[in-house]
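Here is what each chain is made of, one letter per residue.
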Amino acid sequence: FSSTAASQHKVAVLGAGGGIGQPMSLLLQLAGEVSELALYDVAPTAGIAADIGHCDSRAKCTGYTGEDLSKALDGADVVVIPAGVPRKPGMTRDDLFNTNASIVATLANACAQHAPNACLGIISNPVNSTVPICREVLRSAGVYNPQKLFGITTLDVVRSNKFVGDAMGWDPANVNVTVIGGHAGTTILPLLSQVQGLNLDDETLAALSHRIQFGGDEVVQAKDGAGSATLSMAHAGAKFTVSLLRALNGEANVTECTFVENDLTDAPFFATPVTLGRDGVDTVHPFGELSAFEQQNFEAMLPDLQAQAEKG
């Protein structure tokens, strides 16, 4: 991660003790953009904060638990929420709805009270429903700002870059696939037709798209009951958060695909390339031309995306 000397930003991680929260907090501690890191979880976080706090970076790391949520949020510029239960084999992200919806609603309500001006990055699944829940909670508290609410879909981009890079013999670090839609199964739509030099036959492209869409299932099955994607999600979550911090600090032309409110489609929230700025969302970009295959997938998934938003 890059470092910006002038960056003075407090980041709060809610759910910092979990499988995503711990490694993501470590990555954020090491990012030069963070000056203060607040780690909150229902389980004690003092040990995690002490451990991470010994890393040789300038961020001050503090653990909070239980009733200390307000202190964790006080003065936060960015709040990242990976809290919730992970998927087990056979579960869809939608199966997590009942448990994670109430957790996210509770945390969003605390953000509305104690960090009303913070940018919120939502990782807790199902993102397609938890982000709309956050909007309703913030809206009912009178503090909703569409520029400051993000569903973090960066893992879909990270997976796309890796799988495309491997398929083509390219360095994934130099690949940047646009991924639009949502963050579950077929609502994830990688725009492989827009990747320059990607000359694969239709069958291979379809298989690659499917692997990107269901990459999470690959990890759930490989972990065999021990959870879902945590380490790659921690990397993706930190990557998005650092981009957001760089933009908040005034860096120009920081663009990430993210699930935000917009009117590009009939769905209230839709992931698309977004240029970030000092106030969060600066410019929501149209996603460009789709191939026939992508258009077909787009039309098929839009009703699902709308229904999942309605559920939230």
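Above this text you will find the structure in question.
Numbering of residues starts from 1 in every chain and runs along the sequence as written. Whole-chain, interface and lining totals are the exception, using all residues; otherwise, since this is a predicted model, local features are given only for residues with pLDDT of at least 70 and side-chain atom pairs are given and counted only at 80 or more. With hydrogens and water set aside, each side-chain value is computed from the structure's full complement of heavy atoms.

A. View of the pattern of salt bridges. Put simply, a salt bridge is a Lys or Arg side-chain nitrogen that is within 4 Å of an Asp or Glu carboxyl oxygen. Counted under the stated rule, the structure contains eight salt bridges. The shortest N-O distance in the salt bridge between E136 and R135 comes to 3.2 Å. For the salt bridge of E218 with R211, the shortest nitrogen-to-oxygen distance reads 3.0 Å. Among the residues examined, E218 registers a relative accessible area of 36% and is labelled partly exposed. Whether a residue is buried, partly exposed or exposed follows from its accessible area with a 1.4 Å probe, protein chains only, as a fraction of its type maximum: under 20%, in between, or over 50%, in that order. With relative accessibility at 36%, the residue R211 sits in the partly exposed group. Through salt bridges with shared partners, one network takes in R135, E136, R139 and E261.

B. Spotlight on helix α5 (residues 127–140). Numbered from the N terminus, helices here are DSSP runs of H or I no shorter than four residues, and strands are runs of E no shorter than two. In this scheme, a helix's expected span is set at 1.5 Å multiplied by one less than its residue total. For α5, which comprises 14 residues, the first-to-last C-alpha distance of 20 Å matches the rise-based estimate of 20 Å (1.5 Å per residue) to within 8%. Within α5 the residues assigned to the buried category are V127, N128, S129, T130, V131, P132, I133, C134, R135, V137 and L138. Summarising the contacts, the buried residues of α5 are in contact with α4 (97–114), β5 (119–122), β6 (149–151), β9 (254–261), β10 (269–277) and α10 (292–311). Count one or two residues on from α5 and you reach G142, which has phi positive near 80°. Any two residues having at least one pair of non-hydrogen atoms within 4.5 Å are treated as being in contact.

C. Inspection of the environment of T283 at higher detail. For T283, the position within the fold is in strand β11 (residues 280–284). T283 sits 136 residues away from Q147 along the chain, and the two C-alpha atoms are 9.4 Å apart. Here T283 is in contact with P273, V274 and T275, once residues within four sequence places are set aside. The definition of a polar contact used here is a pair of N or O atoms within 3.5 Å, where within protein one atom must be able to donate a hydrogen and the other to accept one, and adjacent residues in sequence count solely through side-chain atom pairs. Within the structure, the side chain of T283 is placed 2.9 Å from the side chain of D282, a separation counted as a polar contact.

D. Summary view of the side chain of T45. Its location among the elements puts T45 in the loop between β2 (34–41) and α2 (46–52). Given the relative accessible area of 2%, T45 is considered buried. Excluding residues that lie within four positions of it along the chain, T45 makes contacts with L39, Y40, G63, Y64 and T65.

E. The arrangement of unusual backbone geometry in detail. Residue P126 is reached from N125 by a cis peptide bond, and omega for that bond is -5°. One non-glycine residue, D224, lies in the positive phi region at around 50°. The topology assignment puts D224 in the loop between α8 (215–223) and α9 (231–248). The exposure class assigned to D224 is exposed, which follows from its relative accessible area of 65%.

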